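# Secondary and tertiary structure notes
Each chain, written out:
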Amino acid sequence: EQDVTEYRNALKIRVSGFDVPRPVKTFDDCGFPPPLMSAITKQGYEKPTNIQCQALPIVLSGSDIIGIAKTGSGKTAAFVLPMIVHIMDQPELGKGEGPIGVICAPTRELAHQIYLETRKFAKPYGLRVSAVYGGMSKLDQFKELKAGAEIVVTTPGRLIDLLKMKALTLKRATYLVLDEADRMFDLGFEPQIRSIVGQIRPDRQTLLFSATMPRKVEKLAREILSDPVRVSVGEVG
Ligand code: ADP
Ligand code: MG
């Protein structure tokens, strides 16, 4: 315990919550299956970043998480890698409809970056990733969602539109990521986020990432996460 504390102090990492797993030092420590390890290596990721060292074991343990870290710290892989493991663990993977993993981001550019990274890790498993944000035709997205996808990467407004069109259902979703939550609030997406969360079963795993934690984001986190572990890396938070 003492050396974990010293390690975290040295990296200005603050962690709070119950039964928090020890941070990992390598991707091998995560126990990822070989196809995922190959995809990580292919990406050129040699070792996990600080937020990944802390967040990966927490998320892999099934816990909800609030991750506070600045841009460029590697948050995407911190939620995408455990999502692949989570999806492959689902006994009903071949059955049912609608995505199992839902990732919400504030802008189409950010959603697109996440989509590209997610596809690389989903590919070895043949998992289908749908990009659901502005800039593409709703009809094409409708057809793609109807054909089925295990993972949806989306901006809140566009997902709401497609839910209204009954292009998809969230009844099978069990892994929800809210990325850049503070920016989604700044863009006025709070009602859409609440509507999306309201359509996902309460026993889901929920991950919230944000560069800052203003009071209204904190309030949402308290309402929609259960016993989250809080990890903040660096000076913020
Ligand atoms: P954030 O979401 O925190 O802003 P990203 O997930 O977009 O950060 O990652 C920032 C950059 O770092 C990306 O180019 C990504 O490919 C790269 N990256 C992420 N994890 C690692 C790693 N473990 N090793 C090397 N590069 C990484
Ligand atoms: Mg990011």
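Conventions and cut-offs
Residues numbered from 1 in each chain as written. Chains lettered and ligands numbered in written order. Predicted model: local features only at pLDDT ≥ 70, side-chain atom pairs only at ≥ 80, totals over all residues. Core = buried A, V, L, I, M, F, W, Y, C linked by C-beta atoms within 7 Å. Buried ≥ 20, exposed ≤ 12 C-beta atoms within 10 Å, placed from the backbone. Helix = DSSP H or I, 4+ residues; strand = E, 2+ residues; numbered from the N terminus. Contact = placed C-beta atoms within 7 Å. Pairing = 2+ DSSP bridges. Near = placed C-beta within 6 Å. Nonpolar A, V, L, I, M, F, W, Y, C, P; charged D, E, K, R; others polar. Arc of directions from axis to C-beta. UniProt positions renumbered as here; feature names shortened; annotations may be inferred. Axes fitted to C-alpha atoms, helices over the stretch in contact; angles between N-to-C directions.

Right, let's get into the nonpolar core. One finds C104, V153 and V231 to be the most contacted residues of the largest nonpolar core, which totals 69 residues. Examining the composition of this core, we find that seven residues originate from one element, helix 4 (residues 75-88), more than from any other. Setting aside its immediate chain neighbours within four residues, C104 contacts T154, P156, V177, L178, D179, M184, I193 and I196.

Here strand 3 (residues 101-104) shows no split at all, with G101 and I103 on one side and V102 and C104 on the other all buried. Taken together, the four bridges between strand 3 and strand 6 (residues 175-178) define a ladder with parallel strand orientation. The partner of V102 across the bridge, within strand 6, is L176.

All residues adjacent to ligand 1 are Y45, P48, T49, Q52, A69, T71, G72, S73, G74, K75, T76 and A77. The dominant element in the shell around ligand 1, judged by the number of residues it contributes, is helix 4, at three residues. Grouping the amino acids of the shell around ligand 1 by side-chain chemistry returns four nonpolar, seven polar and one charged.

Turning our eyes to something else, we now look at helix 9 (residues 190-198). What sets the pattern is the α-helix's 3.6 residues per turn: residues three or four places apart point alike. Buried residues of helix 9: Q192, I193, I196 and V197, and no others. Looking down the long axis of helix 9, one finds its buried residues gathered within 135° of arc, a one-sided arrangement. Among the exposed residues of helix 9, those pointing more than 90 degrees away from its buried face are P191 and G198.

Moving on: the UniProt feature "short sequence motif: Q motif" (unreviewed entry) in the chain. Here the UniProt feature "short sequence motif: Q motif" (unreviewed entry) sits at residues 25-53. End C-alpha to end C-alpha, residues 25-53 measures 6 Å, and it is 45% helix and 0% strand.

Right, let's get into the sheet that holds strand 1 (residues 13-16). Sheets are built from strands that pair by backbone hydrogen bonding, the pairs being arranged parallel or antiparallel. Reading across the sheet, the eight strands line up as 1-8-2-7-6-3-5-4 and stay open at both edges, with mixed pairing between neighbours. Each having just a single partner strand, strand 1 and strand 4 (129-132) make up the two edges of the open sheet. Taken over all neighbouring pairs, the strand axes of this sheet differ in orientation by 10° on average, direction set aside. One ladder, built from four bridges, connects strand 2 (residues 65-68) with strand 7 (residues 205-210); its direction is parallel. Within strand 7, the position partnered with G67 by the bridge is F209. Where helix 7 (residues 156-164) meets the sheet, its contacts fall on strand 3, strand 4 and strand 5 (151-154), and the angle it forms with strand 4 comes to roughly 105°.

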